Amino acid sequence: MIKVKLHKIVCPFLAMLMLVGCAQKPHLSTTTSNHQEIGESVHELYYDEHYMMNIDYPKTNIEKLDEEIQASVQELRSQYVNAVQSYQEEDKAELNISFQSYVKNDRYISIKLDVYQSIYDKKEKIVSICYDRENEQIVQLEDIFDKGIIEEIAKQAKTYFETSFPDECGDTTFAIGIVPMPHNYQTFVMRKDALVVYFQEGALFDKSATFEVKYDDIEEFTSMKQEDVATFVPYDDILNEPVKMIDKGKPMVALTFDDGPTRKYTIAILDALKENQASATFFILGSRANNFPEILQRMVLEGNEIGNHTFSHKQLTTLSKENVEEEIANTQESIHNITNKYPEMIRPPYGSKNDMVLQCTQGKKLVTWSLDTQDWKSRNPEVIVNKVLSEVKDGDIILLHDLYDSTAQAAIILIPKLIEEGYQLVTVSQLYEAGKNAPGKIL
Ligand code: ZN
C-alpha cells in the first residue's frame, strides 16, 4: 500500500494541485482502484408507504451485455414486486441492487450485482456477468481458462476454507457446495490482479463467501498475468480547502445531493457550484467512492462537504447492529482513504432511523432534510425548480439526488436563482455552525 505509482488517474488531481499553487506534500498512503465504472449507471429509486426499491446497474452500450444485465435486473425486480403483494410485515419491504464493474486485460468485462432484499429467506445474493469483448459473448470460467480450471479452483478453495475456517467446513452443505461442478463456480469476476469466485449465502456457510486466486497461482490454465492496479493518492486535508466567508446574519440554505457520485451529473453540478462560488453537501455511497476518487477530491478542493450515506443504501432500521456499524465504518474509511477526511455527517437511506441507528452514529451528526424536492419522482427540472423556489426558507436543507439529468438541469438553474434571491449556499456543517437549525431536522 505504501508504494506510490503515478498512473493517469492521478494526473488531473496533480494538475489541480498545481493550478491552486500548492506544494505537493509527502503522501502517507494510497488507495487502489481495482474496480472501475463501465459506461453510465442507471438508477431506479422508488419508495412509498409499503415498499422501497433502490436499483443501480450499468448501461455499457454493448448490446449483448446490456441485454443480459437488464434481463437479470428485470427478473429480480419482478420477483420482488410479486412477493411484495402478499407481504404483511410491519417493516417496509426493501429491494436494493448495487453494482461493481471490472475490466481485465481490456478484454473481459465483469459486472457484479449485489442484491439485497428484506422479504425472502436468503437476503443477499450475488449475480455476476462476464463478457468477452474479443469473442463478443457472455462467458463462464471454462470459456476463459483451459480445461480443468474448475477442478483446480475447487481444490484451492477447499484448502483455503478448511485452513481458514476449520470448524465450519465439516458439514454436508460445505461438502456439496465445494464440489467441482460448473454450477458451484458460476459467480465470479475477473479483477486486474485476481480471479474472484463468490459462494452464495447458504451455499457453503450461512453467510456468503469469497475466494480469490492470483493469476500466477493458476498459470497452468491461463497466460494472463496480474496487471498494475491504478493507485490514487490522497492529499493533506488542510492543504487546499478554500475558506469561504459566510455571513451568519443573512439567509442561507444547504443543497444536498444523495446517492452519487455519478460521472456526468455530479460533475455538471460541481461545475455549476464552482461557477457561482457556492457550496453543497454530497451524501455519497461508499460503494461508489472508489469508482470516482477524483470527483471526491474535487468536491473537497472546491469547498463542498462530503457526508456518509452508508455503503450500499440499505434501510438501516432493518439490519443488525453489526451490519449498520459496518455500513457506516466502511464508508468512512473509503472516503478517508481518498480525501484524508472522515465525514462528520451521516444521512441514513430513506431517512429511516431508530434508537439502534442513533447509537451506531454517535459522535456524528445524523442529517435528514426539511425540503424534499422528490426529484426522483418528477424527473422534471421545471417541477423541481418551482417546488424549491416556492417553498424555500432560511435554514432549509434541500434534498436532491445527483443521479439524474433532470436534477443536474434543475441545479444549474437553482444555484444562481437562490443566490439572486439572497440565499448563501452553504454546506450542512456551515448551516449548523451558523445556528440555522432546521427544526427537528438535524439531530
Ligand atoms: Zn439515498
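To be clear, the structure that these remarks concern was listed above.
Residues numbered from 1 in each chain as written. Predicted model: local features only at pLDDT ≥ 70, side-chain atom pairs only at ≥ 80, totals over all residues. Heavy atoms only, no water.

Novice: Please set out the sheet that holds strand 9 (residues 194-199) residue by residue, giving values where relevant.
Specialist: Strand order in this open sheet of 3 strands is 8-9-10, and the pairing throughout is antiparallel. Both edges of this open sheet fall to strand 8 (188-190) and strand 10 (209-214), since each of them pairs with a single strand only. Direction aside, neighbouring strands of the sheet carry axes that sit 15 degrees apart on average. Relative to strand 10, strand 9 runs antiparallel, the two sharing 6 bridges. Considered in strand 10, the bridge of Leu-195 is made with Val-213. (Pairing = 2+ DSSP bridges. Helix = DSSP H or I, 4+ residues; strand = E, 2+ residues; numbered from the N terminus. Axes fitted to C-alpha atoms, helices over the stretch in contact; angles between N-to-C directions.)

Novice: With reference to specific residues and values, describe the coordination of the zinc ion.
Specialist: Donor atoms from the polypeptide that coordinate the zinc ion comprise Asp-259 (OD), His-309 (NE2) and His-313 (NE2), at 2.1 Å from the metal. Along the chain, the residues donating to the zinc ion are arranged with the sequence spacing D-x49-H-x3-H. Of this pair, Asp-259 sits in the loop between strand 12 (252-258) and helix 7 (263-275) while His-309 sits in the loop between strand 14 (305-308) and helix 10 (321-339); the two residues are 50 residues apart in sequence, bridging distant segments of the chain. Using a relative accessible area of 2% as the deciding quantity, one classes His-309 as buried. (Donors = N, O, S within 2.8 Å, 3.2 Å for Na, K, Ca; no water. Buried < 20%, exposed > 50% of the residue type's maximum accessible area, 1.4 Å probe, protein only.)

Novice: Give a detailed account of the nonpolar core, specifying residues and quantitative values.
Specialist: Of all hydrophobic cores here, the largest spans 36 residues; its most connected members are Leu-255, Phe-282 and Leu-418. Only strand 12, helix 7, strand 13 (281-284), helix 9 (293-301), helix 10, helix 13 (381-391), strand 18 (397-401) and helix 14 (405-420) provide two or more residues apiece to this core. At 6 residues, the largest contribution of residues to this core is made by helix 14. (Core = buried A, V, L, I, M, F, W, Y, C linked by side-chain atoms within 4.5 Å.)

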